[in-house]
Amino acid sequence: MFLPIVAYGDPILKQVAEDISSDHQNLKELIENMYETMYASHGVGLAAPQIGQSIRIFVIDCSPFEEDEPELSGFKKTFINAEILEEEGEEWLFKEGCLSIPEVREEVSRQPKITIRYFDEDFVEHTETYEGLAARVIQHEYDHIEGILFTDYLSPLRKRMINRRLGDIRDGKITPEYRMRFYKSKKRKR
Ligand code: NI
(Lines give C-alpha, C1' and ligand atoms only; values in the text may rest on other atoms or scores of the structure.)
Protein backbone atom coordinates (compact mmCIF):
# COMPACT_ATOMS: atom_id res chain seq x y z
CA MET A 1 0.00 0.00 0.00
CA PHE A 2 1.29 3.43 -0.94
CA LEU A 3 1.50 5.73 2.08
CA PRO A 4 1.21 9.48 1.31
CA ILE A 5 4.51 11.27 1.88
CA VAL A 6 4.59 14.01 4.49
CA ALA A 7 5.65 17.30 2.89
CA TYR A 8 8.19 19.83 4.15
CA GLY A 9 6.63 22.05 6.81
CA ASP A 10 4.98 19.32 8.89
CA PRO A 11 6.42 19.45 12.44
CA ILE A 12 6.73 15.65 12.52
CA LEU A 13 9.76 16.01 10.21
CA LYS A 14 11.50 18.07 12.91
CA GLN A 15 10.92 15.62 15.77
CA VAL A 16 13.46 13.15 17.13
CA ALA A 17 11.77 9.78 16.49
CA GLU A 18 11.29 7.10 19.16
CA ASP A 19 12.78 3.60 19.32
CA ILE A 20 10.35 0.74 18.72
CA SER A 21 10.13 -2.67 20.41
CA SER A 22 10.47 -6.02 18.61
CA ASP A 23 6.73 -6.67 19.07
CA HIS A 24 5.76 -3.38 17.41
CA GLN A 25 2.31 -3.82 15.89
CA ASN A 26 2.16 -4.71 12.18
CA LEU A 27 5.91 -4.10 11.79
CA LYS A 28 6.34 -6.38 8.74
CA GLU A 29 3.42 -4.74 6.99
CA LEU A 30 4.70 -1.25 7.80
CA ILE A 31 8.15 -2.06 6.38
CA GLU A 32 6.59 -3.59 3.26
CA ASN A 33 4.50 -0.46 2.76
CA MET A 34 7.55 1.74 3.23
CA TYR A 35 9.42 -0.11 0.47
CA GLU A 36 6.38 0.06 -1.79
CA THR A 37 6.06 3.81 -1.16
CA MET A 38 9.78 4.41 -1.74
CA TYR A 39 9.82 2.51 -5.04
CA ALA A 40 6.60 4.11 -6.31
CA SER A 41 8.02 7.58 -5.68
CA HIS A 42 11.47 6.67 -7.11
CA GLY A 43 13.37 7.37 -3.90
CA VAL A 44 16.53 5.63 -2.69
CA GLY A 45 15.48 5.94 0.95
CA LEU A 46 12.44 6.58 3.12
CA ALA A 47 12.16 7.19 6.86
CA ALA A 48 9.06 6.58 9.00
CA PRO A 49 8.53 10.28 9.90
CA GLN A 50 8.02 10.86 6.17
CA ILE A 51 4.94 8.66 6.26
CA GLY A 52 3.71 10.34 9.44
CA GLN A 53 5.13 8.01 12.11
CA SER A 54 7.70 9.35 14.55
CA ILE A 55 9.52 6.04 15.03
CA ARG A 56 13.11 5.00 14.30
CA ILE A 57 12.77 3.00 11.08
CA PHE A 58 14.16 3.74 7.65
CA VAL A 59 14.57 1.73 4.49
CA ILE A 60 17.02 2.22 1.64
CA ASP A 61 17.69 0.74 -1.79
CA CYS A 62 20.77 2.19 -3.45
CA SER A 63 20.36 0.22 -6.73
CA PRO A 64 19.78 3.42 -8.78
CA PHE A 65 23.42 4.35 -7.97
CA GLU A 66 24.83 1.14 -9.46
CA GLU A 67 26.24 3.02 -12.46
CA ASP A 68 28.50 5.00 -10.12
CA GLU A 69 29.17 2.19 -7.66
CA PRO A 70 28.45 -1.30 -9.14
CA GLU A 71 28.47 -2.93 -5.69
CA LEU A 72 25.32 -0.97 -4.85
CA SER A 73 23.25 -3.07 -7.24
CA GLY A 74 20.57 -4.68 -5.06
CA PHE A 75 21.85 -2.92 -1.94
CA LYS A 76 18.60 -2.89 0.02
CA LYS A 77 18.36 -2.62 3.80
CA THR A 78 16.03 -1.89 6.68
CA PHE A 79 17.36 0.03 9.69
CA ILE A 80 15.49 -0.12 13.00
CA ASN A 81 16.49 1.82 16.16
CA ALA A 82 19.68 2.84 14.38
CA GLU A 83 22.46 4.76 16.02
CA ILE A 84 25.43 6.18 14.13
CA LEU A 85 28.44 5.43 16.34
CA GLU A 86 31.13 7.14 14.29
CA GLU A 87 31.61 9.35 11.24
CA GLU A 88 35.07 9.63 9.71
CA GLY A 89 37.03 11.22 6.91
CA GLU A 90 37.14 14.46 5.04
CA GLU A 91 33.74 15.93 4.19
CA TRP A 92 32.62 15.72 0.56
CA LEU A 93 29.81 17.41 -1.35
CA PHE A 94 26.94 15.58 -2.99
CA LYS A 95 23.68 16.89 -4.41
CA GLU A 96 20.88 15.52 -2.24
CA GLY A 97 17.15 15.47 -2.70
CA CYS A 98 14.29 14.33 -0.50
CA LEU A 99 10.86 12.85 -1.19
CA SER A 100 9.40 15.33 1.35
CA ILE A 101 10.94 18.27 -0.57
CA PRO A 102 10.21 17.54 -4.25
CA GLU A 103 12.32 19.10 -6.98
CA VAL A 104 14.82 20.66 -4.59
CA ARG A 105 18.37 19.38 -4.97
CA GLU A 106 21.25 20.98 -3.14
CA GLU A 107 24.83 20.13 -2.33
CA VAL A 108 25.36 18.88 1.20
CA SER A 109 28.70 18.25 2.86
CA ARG A 110 29.11 15.05 4.90
CA GLN A 111 31.88 12.74 6.06
CA PRO A 112 32.41 9.70 3.79
CA LYS A 113 32.56 6.84 6.28
CA ILE A 114 30.14 5.82 9.02
CA THR A 115 29.75 3.06 11.56
CA ILE A 116 26.16 2.33 12.48
CA ARG A 117 24.46 -0.01 14.93
CA TYR A 118 20.91 -1.08 14.08
CA PHE A 119 18.39 -3.91 14.10
CA ASP A 120 17.21 -5.50 10.87
CA GLU A 121 13.58 -6.43 10.09
CA ASP A 122 13.99 -9.66 12.12
CA PHE A 123 15.32 -7.62 15.04
CA VAL A 124 18.83 -9.01 14.73
CA GLU A 125 21.43 -6.46 15.86
CA HIS A 126 24.26 -5.43 13.51
CA THR A 127 27.18 -3.01 13.68
CA GLU A 128 28.48 -2.17 10.21
CA THR A 129 30.70 0.34 8.44
CA TYR A 130 29.69 1.98 5.16
CA GLU A 131 31.39 4.35 2.76
CA GLY A 132 30.58 6.46 -0.26
CA LEU A 133 27.03 6.68 -1.56
CA ALA A 134 25.71 3.97 0.77
CA ALA A 135 26.96 6.03 3.73
CA ARG A 136 25.49 9.16 2.17
CA VAL A 137 22.01 7.65 1.79
CA ILE A 138 22.13 6.23 5.33
CA GLN A 139 23.24 9.60 6.76
CA HIS A 140 20.35 11.38 4.99
CA GLU A 141 17.75 8.86 6.24
CA TYR A 142 19.29 8.76 9.70
CA ASP A 143 18.90 12.54 9.87
CA HIS A 144 15.16 12.07 9.28
CA ILE A 145 14.80 10.01 12.47
CA GLU A 146 16.80 12.73 14.28
CA GLY A 147 14.43 15.45 13.03
CA ILE A 148 16.96 16.94 10.59
CA LEU A 149 16.35 17.79 6.91
CA PHE A 150 19.12 18.34 4.35
CA THR A 151 17.89 21.90 3.88
CA ASP A 152 18.94 22.54 7.51
CA TYR A 153 22.57 22.36 6.35
CA LEU A 154 22.30 24.98 3.61
CA SER A 155 24.00 28.37 3.81
CA PRO A 156 21.70 31.37 4.38
CA LEU A 157 22.26 32.30 0.71
CA ARG A 158 21.27 28.89 -0.68
CA LYS A 159 18.34 28.78 1.73
CA ARG A 160 17.17 32.15 0.44
CA MET A 161 17.38 30.86 -3.15
CA ILE A 162 14.95 28.01 -2.44
CA ASN A 163 12.78 29.78 0.13
CA ARG A 164 9.84 30.37 -2.19
CA ARG A 165 9.84 26.74 -3.32
CA LEU A 166 9.94 25.56 0.31
CA GLY A 167 6.99 27.83 1.10
CA ASP A 168 5.02 26.43 -1.84
CA ILE A 169 5.72 22.87 -0.70
CA ARG A 170 4.69 23.71 2.86
CA ASP A 171 1.48 25.35 1.64
CA GLY A 172 0.62 22.52 -0.74
CA LYS A 173 0.92 24.79 -3.79
CA ILE A 174 2.77 22.15 -5.82
CA THR A 175 1.77 19.23 -8.01
CA PRO A 176 3.99 16.35 -6.94
CA GLU A 177 4.40 13.18 -9.00
CA TYR A 178 3.29 11.05 -6.04
CA ARG A 179 0.70 11.44 -3.32
CA MET A 180 1.75 13.80 -0.52
CA ARG A 181 0.25 15.01 2.72
CA PHE A 182 0.51 18.76 3.25
CA TYR A 183 0.45 20.22 6.72
CA LYS A 184 -1.67 23.30 5.94
CA SER A 185 -4.26 21.49 3.85
CA LYS A 186 -4.51 18.89 6.60
CA LYS A 187 -5.25 21.63 9.15
CA ARG A 188 -7.80 23.30 6.91
CA LYS A 189 -9.81 20.09 6.58
CA ARG A 190 -10.30 19.74 10.33
NI1 NI B 1 14.76 12.73 2.78
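Scroll up to find the structure this text is about.
Our subject in this report is the structure included herewith.

Counting residues in hydrophobic clusters, the biggest one holds 37 residues, and the most contacted among them are M34, L46, I57 and I101. Sorting the residues of this core by element identifies β1 (5-6), α1 (27-40), β3 (57-61) and α3 (156-170) as the ones contributing at least two each. With 6 residues, the top contributor of residues to this core is α1.

Glancing now at the layout of surface pockets. There is about 620 Å³ of room inside the largest pocket. Lining the largest pocket are 27 residues; nearest its centre among them are H42, G97, C98, L99 and R105. Residue assignment for the lining of the largest pocket shows that the elements contributing at least two residues are β5 (92-96) and α2 (132-145). For the lining of the largest pocket, the element with the highest residue contribution is α2, accounting for 5 residues. When the residues that make up the lining of the largest pocket are grouped by side-chain class, the tally is 12 nonpolar, 8 polar and 7 charged. When its volume is computed, the second largest pocket comes out at roughly 180 Å³. For the second largest pocket, the full set of lining residues is I84, E87, E91, S109, R110, Q111, Q139, Y142, D143, E146, I148 and Y153. Secondary structure elements with two or more residues in the lining of the second largest pocket: β4 (76-88), β6 (106-110) and α2. Here the element with the most residues in the lining of the second largest pocket is α2; it accounts for 3 residues.

Another point: the coordination of the nickel ion. At the metal site, the nickel ion is ligated by C98 (SG), H140 (NE2) and H144 (NE2), and these contacts range over 2.1 to 2.3 Å. When its relative accessible area of 10% is taken as the criterion, C98 is described as buried. The exposure class assigned to H140 is buried, which follows from its relative accessible area of 9%.

In this description, an aromatic ring pair is defined by two values, namely the gap between the centres and the angle between the planes. Taken as a whole and judged by the stated rule, the model has 8 aromatic pairs. Where F65 meets F94, the ring centres are 6.0 Å apart and the plane angle is 75°; that geometry is what we call edge-to-face. Residue F65 is found in the loop between β3 and β4, and its partner F94 is found in strand β5; the two are separated by 29 residues along the sequence. For F65, a relative accessible area of 16% puts it in the buried group. Grouping aromatic residues by their ring pairs yields a cluster made of F58, F75, F79, Y118 and Y130. Above the ring of Y35, the side-chain terminus of K76 is found at 4.6 Å from the ring centroid.

Before going further, it helps to spend a moment on the environment of G147. By the secondary structure assignment, G147 is in the loop between α2 and α3. Residue classification places G147 among the buried residues on the basis of a relative accessible area of 8%. For the pair G147 and M34, spaced 113 residues apart in sequence, the C-alpha separation works out to 18 Å. Setting aside anything within four residues of it in sequence, one finds G147 in contact with L13, K14, Q15, V16 and D152.

About the cut-offs
Residues numbered from 1 in each chain as written. Predicted model: local features only at pLDDT ≥ 70, side-chain atom pairs only at ≥ 80, totals over all residues. Heavy atoms only, no water. Core = buried A, V, L, I, M, F, W, Y, C linked by side-chain atoms within 4.5 Å. Buried < 20%, exposed > 50% of the residue type's maximum accessible area, 1.4 Å probe, protein only. Helix = DSSP H or I, 4+ residues; strand = E, 2+ residues; numbered from the N terminus. 1 Å grid on protein atoms, 1.4 Å probe; cavity = no way out; pocket = protein on both sides within 12 Å on 5 of 7 lines; lining within 4 Å. Points joined across faces, edges and corners; volume = space filled by probe spheres on them. Nonpolar A, V, L, I, M, F, W, Y, C, P; charged D, E, K, R; others polar. Donors = N, O, S within 2.8 Å, 3.2 Å for Na, K, Ca; no water. Phe/Tyr/Trp six-rings, centres within 6.5 Å; stacked < 30°, edge-to-face > 60°. Lys NZ or Arg CZ within 6 Å of the ring centre and 35° of its normal. Contact = heavy atoms within 4.5 Å.

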